[in-house]
Amino acid sequence: MHEMGIAMQIVDITKASIPEDMKGGKVQRVNLQVGKLSAIVPDSLRFCFDLVVKDTPLEGAELAIEEIPVVARCKDCRTQWTVTEPVFTCKACRSGAIDILSGLELDIKSIEIEDED
Amino acid sequence: MWFIVNRTTKRFHHDPKHHGPHDHHHHHDDVETRKSGTREIKVVRRVLDANDIMAERMRTVFSEKKVFVLNMMSSPGSGKTTTLQKTLARIMPELRCAVIVGDICTTHDADRLARSGAPVIQINTDAFGGDCHLAAHVVEKAVADLDLDGIDLLIVENIGNLVCPAEFDIGEDKRVVVLSVTEGEDKPAKYPLMFRECDATLLNKIDLLPYLDFDMDLARSSIGKIHPGMPVFEISATTGAGFEGWIEWLQKQVKDKLKSL
């Protein structure tokens, strides 16, 4: 629902991450990880991204979204599994004490910039 | 000149660390990959890290000032404001309270809450772009109008929305979600992040149960699967039923924090 704000943040972080010697270079791609448990809809985010990159070094850049599955691990029996439905009790021992190992990401992993050299 | 974009991104590379609201990654040591035509710059930053950093800063301020902060979330019309009114009536003046209310428009909720005698700061997110949640910078601005030295408990009534507020840390100590029985027992399963992120659930409007086919056992088991062990309080903000357990829980959370400081 707040994908527009997220898209604007992505532009800001990307602009700040362009190295000094590459200022003026065109960003071709932003590699983003989005956890399945995050409240982000990838299609909406791509739509907003395409709008907010206008007149920035990211204009025309691709937003590559890697969706990260929700992986949990039981604190009691150490069983690790991929959570595919809204059930966060251990598959093996039914314990409710679990760690979420992945699935909450909303991270920029890297950016790819056109290099004239 | 455009070259073919290189694909050096490692697929399915899981950072084994939990990427919760309190983890910040700022590795700016640009690890670069050079291929013909493009350079890949490693960034590794949470998109919301600006919010997370601000929330953490506020958490420090709240601790210094000995203030417990409760983030109250729900969908619109769940009875958050009435619940809050009844809650304030039971915990004041023993606990010195203040309220920050988020609404896209209008001051209706703030007007209702001000009658409790607690200082109420209204945030209309309209001015911030009609947001669907309260972010840390908005709360920080609102807090500037409060005398934190005279407050034990600050309650932030978030924007009515079961999706977005769950993703934004505002420097709170605990989070509660209000779900009314008129919304249906399937809501926890539809909004798992909210129920995972919260520390307690208030099931409101139980006075209406005789008129609904709300399955309380199913609701409780669904919440229990998403967040095993989370306390669930069945209440009616209209009649005041069930408030004892909730008030006791809240008072204990506040006392535990203030004692630990």
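Fair warning: this is a prediction, and the values are worked out from it, not measured in the lab.

Here we look at the pattern of salt bridges
Reasoning step 1: Summed over all chains, the structure comprises 23 salt bridges over all chains.
Reasoning step 2: With its nearest N and O atoms 3.0 Å apart, the salt bridge here joins Asp43(A) to Arg46(A). With Asp43(A) and Arg46(A) both in helix α2 (residues 42-52) and 3 residues apart, this pair spans about one turn of that helix.
Reasoning step 3: The exposed category is assigned to Asp43(A), whose relative accessible area is 57%.
Reasoning step 4: Looking at Arg46(A), the relative accessible area reads 31%, which means it is partly exposed.
Reasoning step 5: For the salt bridge of Arg96(B) with Asp152(B), the shortest nitrogen-to-oxygen distance reads 3.0 Å. Placement of Arg96(B) in the loop between α2 (80-91) and β4 (97-103) and of Asp152(B) in the loop between α4 (136-143) and β6 (153-157) is noted, with a sequence separation of 56 residues between them.
Reasoning step 6: Classification of Asp152(B) as buried rests on a relative accessible area of 11%.

A closer look at the packing of helix α1 (residues 49-64) of chain B against α4(B)
Residue and element names in this part refer to chain B.
Reasoning step 1: Remark: α1 packs on α4, axes separated minimally by 8 Å, with the N-to-C direction vectors making an angle of 35 degrees. Listed contacts from α4 to Asn51, Met54, Ala55, Arg57, Met58 and Phe62 of α1 are Ala136, His137, Val139, Glu140 and Val143.
Reasoning step 2: The residue makeup of the contact of α1 with α4, split by class, is 7 nonpolar, 2 polar and 2 charged.

Here is what the cut-offs are and how they apply
Residues numbered from 1 in each chain as written. Chains lettered and ligands numbered in written order. Predicted model: local features only at pLDDT ≥ 70, side-chain atom pairs only at ≥ 80, totals over all residues. Heavy atoms only, no water. Salt bridge = Lys/Arg side-chain N within 4 Å of Asp/Glu carboxyl O. Helix = DSSP H or I, 4+ residues; strand = E, 2+ residues; numbered from the N terminus. Buried < 20%, exposed > 50% of the residue type's maximum accessible area, 1.4 Å probe, protein only. Axes fitted to C-alpha atoms, helices over the stretch in contact; angles between N-to-C directions. Contact = heavy atoms within 4.5 Å. Nonpolar A, V, L, I, M, F, W, Y, C, P; charged D, E, K, R; others polar.

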